[in-house]
Amino acid sequence: HIAAAAAAAVHQAAAQVEAAVQQEQQQQQADNYPPRVAGSGALLSICGLGSVERHAFMSVLMTFGPPHIHVQPNLGWSPYTQHIKNKTIKQLEAYLLVFLEHLRDAASDPESTHGSTDYLPHALFFVGTKGQVSAARILERISTLQLLAQKMWRHGSKPAETFVCGGPGVVVPGPGGKKALAGVLYKNLSGRAGGWGPAQDYDLVRGVFMSGYDSWPKVLALPNLNIKRHLRTELGIDVKYDTQAAAAAAAALGPGPLPEGVTEQQAVAAQVTKYN
């Protein structure tokens, strides 16, 4: 009787587990959650993302950061859905969770090469359009973007001129006497009217989340921020220094002594134009 009761209990437990698994699978299908792993080789997909989509995910994460660093995560998912087509946010969320599992494993054990849960190689996740990316670099970028996002949260709707970036306030010379600016970053600024200041720091951080980290030419070109004008004023460069002739002069200037008749300021202006 005891053996029969034990067998019945095992059978019942197995049936319950099977029912729970089926229910979970049905729920995943209803939520459009793909299986963690499907296919193999070139056709391998992780949470429904193939290799090209995983590369795009990595690139977007390194450019804009994970969605949860923003006050409104749905807005944080916007660059992901723009660059990874035909995937729902729930599918991308599922992949992000697996990605973070591997990032945690790689951070806790730098010598590890596979995930502790699914034993998939980290290399399947930590690769972007430009090649492999180390876990340390990913964590550094996420931390940087999270700090910038926190700056934006804390500032809220206050005037851009009150944006605080850097350490304690420093008094620096400015037009009409001394001017207190909130941050050690301002101690070496020129003090020119229309130059760089807290409002431009605020716009620069906004530009990072509009165009992406390490996308400085795009940030400079954003017309609603107008950072380029303030940057050139700060550097003492003509704000209209953007002609075809200036671009040609910039291309002609190389390393070594300055050509006859070219001042150092003109050379700097030409190089800035070349960069822009």
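Everything numeric here is computed off the predicted structure, so don't read it as measured data. (Residues numbered from 1 in each chain as written. Predicted model: local features only at pLDDT ≥ 70, side-chain atom pairs only at ≥ 80, totals over all residues. Heavy atoms only, no water.)

## Digging into the overall build of the protein
No. 1: Tallying secondary structure elements over the protein gives 11 helices and six strands in all.
No. 2: For the protein, buried positions account for 35% of its 276 residues.
No. 3: Residue pairs at least 24 apart in sequence account for 51% of intrachain contacts in the protein once pairs closer than 6 positions are excluded.
No. 4: Carbon and sulfur atoms make up 58% of the accessible area of the protein, which amounts to about 16,500 Å² in all. (Helix = DSSP H or I, 4+ residues; strand = E, 2+ residues; numbered from the N terminus. Buried < 20%, exposed > 50% of the residue type's maximum accessible area, 1.4 Å probe, protein only. Contact = heavy atoms within 4.5 Å. Areas by Shrake-Rupley, 256 points an atom, 1.4 Å probe, with all protein chains shown as cover.)

## Here we look at the nonpolar core
What tends to happen in soluble globular proteins is that the nonpolar side chains get buried as a cluster.
No. 1: Counting 28 residues, the largest nonpolar core has Phe 57, Leu 61, Tyr 95, Phe 99, Phe 125, Phe 126 and Ile 138 as the members making the most contacts within it.
No. 2: Contributions of two or more residues to this core are made by helix H2 (51–64), helix H5 (89–108) and helix H6 (135–155).
No. 3: Filtering out sequence-adjacent residues up to four positions away, Phe 57 remains in contact with Leu 49, Trp 77, Tyr 80, Ile 84, Leu 92, Tyr 95 and Leu 96.
No. 4: Membership of the second largest hydrophobic core comes to six residues, among which are Val 219, Leu 222, Leu 225 and Ile 227. (Core = buried A, V, L, I, M, F, W, Y, C linked by side-chain atoms within 4.5 Å.)

## A closer look at the environment of Gly 65
No. 1: As for its placement among the helices and strands, Gly 65 is situated in the loop between H2 and helix H3 (73–76).
No. 2: The spacing of Gly 65 and Ile 142 is 77 residues in sequence and 5.6 Å in space, taken between C-alpha atoms.
No. 3: Beyond its immediate sequence surroundings of up to four residues, Gly 65 is in contact with Val 60, Tyr 80 and Leu 145.

## Describing the packing of aromatic side chains
No. 1: What the rule picks out here adds up to nine aromatic pairs.
No. 2: Among the aromatic residues, ring-to-ring pairing joins Phe 57, Trp 77, Tyr 80, Tyr 95, Phe 99, Phe 125 and Phe 126 into one connected group. (Phe/Tyr/Trp six-rings, centres within 6.5 Å; stacked < 30°, edge-to-face > 60°.)

## Observations concerning unusual backbone geometry
No. 1: The backbone of Cys 47 sits at a positive phi, close to 55 degrees, despite the residue not being glycine.
No. 2: The buried category is assigned to Cys 47, whose relative accessible area is 4%.
No. 3: For Asn 86, which is not glycine, the phi dihedral falls at a positive 60 degrees.
No. 4: Mapped onto the elements, Asn 86 comes out in the loop between helix H4 (78–83) and H5.

## Some words on the packing of H5 against H6
No. 1: The contact between H5 and H6 brings their axes to 9 Å, and the two run at 115 degrees. Taken together, H5 and H6 sit at an angle that is classed as roughly perpendicular. Note on packing geometry: the crossing formed by H5 with H6 is left-handed. The residues of H6 that touch H5, namely those facing Phe 99, Leu 103, Ala 106 and Ala 107, are Ala 135, Ile 138, Leu 139 and Ile 142.
No. 2: The residue makeup of the contact of H5 with H6, split by class, is eight nonpolar, no polar and no charged. (Axes fitted to C-alpha atoms, helices over the stretch in contact; angles between N-to-C directions. Parallel < 35°, antiparallel > 145°, perpendicular 65-115°, else oblique. Left-handed = near helix turned anticlockwise from the far one by under 90°. Nonpolar A, V, L, I, M, F, W, Y, C, P; charged D, E, K, R; others polar.)

## A look at the confidence of the model for the protein
No. 1: Per-residue pLDDT for the protein averages 75, and the proportion of residues at 70 or more is 65%.
No. 2: Looking at the elements of the protein, mean pLDDT is at its lowest for strand E5 (residues 170–174), recorded as 47, and at its highest for H2, recorded as 92.
No. 3: Note on residues 168–175: pLDDT is under 50 here. Beyond four places in sequence and across chains, it has 23 contacts.
No. 4: Overall, residues 180–184 carries pLDDT values under 50, and its contacts beyond four positions in sequence, including any with other chains, amount to 20 contacts. (pLDDT = per-residue confidence, 0-100.)

## Section: the side chain of Asp 201
No. 1: With respect to the helices, strands and loops of the structure, Asp 201 is situated in helix H7 (residues 198–211).
No. 2: An unpaired buried charge is present at Asp 201: no salt bridge exists, and Lys 151, the closest side chain of opposite charge, is 9.0 Å distant.
No. 3: Here the side chain of Asp 201 touches Trp 196 through a polar contact of 3.0 Å, side chain to side chain. (Lys, Arg positive; Asp, Glu negative; His and termini not counted. Salt bridge = Lys/Arg side-chain N within 4 Å of Asp/Glu carboxyl O. Polar contact = N/O pair within 3.5 Å; in protein donor to acceptor, adjacent residues only side chain to side chain.)

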